[in-house]
Amino acid sequence: MYNIGDKIVYSIHGAGTIEDIQEIEILGNTEMFYILRFPINDITISVPVTESEKIRPVITKEEGKAVMEILRSDVTEMSQNWGKRFRDNLEHIKTGNIFEIADIVRNLSILSQKKGLSASENKMLINAKRVMVSELVIVGSMTKEEAMAMIDDAITLEQENI
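Residues numbered from 1 in each chain as written. Predicted model: local features only at pLDDT ≥ 70, side-chain atom pairs only at ≥ 80, totals over all residues. Heavy atoms only, no water.

Quick word on the environment of Ala102
Consideration 1: Among the structural elements, Ala102 can be located in helix 3 (residues 98-114).
Consideration 2: Discounting chain neighbours no more than four positions away, the residues touching Ala102 are Val67, Ile70, Leu71 and Met132. (Helix = DSSP H or I, 4+ residues; strand = E, 2+ residues; numbered from the N terminus. Contact = heavy atoms within 4.5 Å.)

Some remarks on the domain arrangement of the protein chain
Consideration 1: According to the domain assignment, the protein chain consists of domain 1 (6-57) and domain 2 (61-157).
Consideration 2: Spacing between the C-alpha centres of domain 1 and domain 2 amounts to 24 Å.
Consideration 3: Taken together, the contacts link 12 residues of domain 1 with 12 residues of domain 2.
Consideration 4: Per-residue buried area on domain 1 facing domain 2 is highest for Ile12, Ile40 and Arg56; these three make up 51% of the total on that side.
Consideration 5: Linking domain 1 with domain 2 are 1 salt bridge, by the criterion used here.
Consideration 6: The salt bridge partner of Arg56 is Glu135, with a shortest N-O separation of 2.8 Å.
Consideration 7: Where domain 1 meets domain 2, there are 5 residue pairs in polar contact (both at pLDDT 80 or more).
Consideration 8: Taken together, the elements giving at least two residues each to the side of domain 1 that touches domain 2 come down to strand 1 (7-10), strand 2 (14-26) and strand 5 (55-57).
Consideration 9: With 3 residues, the top contributor of residues to the side of domain 1 that touches domain 2 is strand 2.
Consideration 10: Split by residue class, the side of domain 1 that touches domain 2 holds 5 nonpolar, 5 polar and 2 charged. (Domains from an automatic or database assignment. Buried area = accessible area lost by both parts, 1.4 Å probe. Salt bridge = Lys/Arg side-chain N within 4 Å of Asp/Glu carboxyl O. Polar contact = N/O pair within 3.5 Å; in protein donor to acceptor, adjacent residues only side chain to side chain. Nonpolar A, V, L, I, M, F, W, Y, C, P; charged D, E, K, R; others polar.)

Right under this line is the structure:
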């Protein structure tokens, strides 16, 4: 169980803080909920404590360095069919695994530079970057702009080496 003040990641929403743990009644059923605040999106949501497997602690600074290495590494193989690629990437994003998200951000960023993305994939790239930025901001004590620049710079460095 997590505690008030814990820094966490909730898959598609990104990194935030547990602001409260409340007992909430919905349709006659009373259940415990984490009240999560996400500063990047400026939203607050409630997640049942029974679904805590969808929440994970934020990465360590060492793991943050590993994320940056992923962004600097070579593109991994993706489906040439954008629909299949989109579905595959969406499944990986839903896991909330920062390393898989970094892989998707790098691959889609480079694909975008080379030949462009569909509107759906472009939106996916923006959302995946937002999730990464939110976690890097909490872990690295940096601004949203600094985290975004750090991600873009890492991918740009990779492109210059091709």
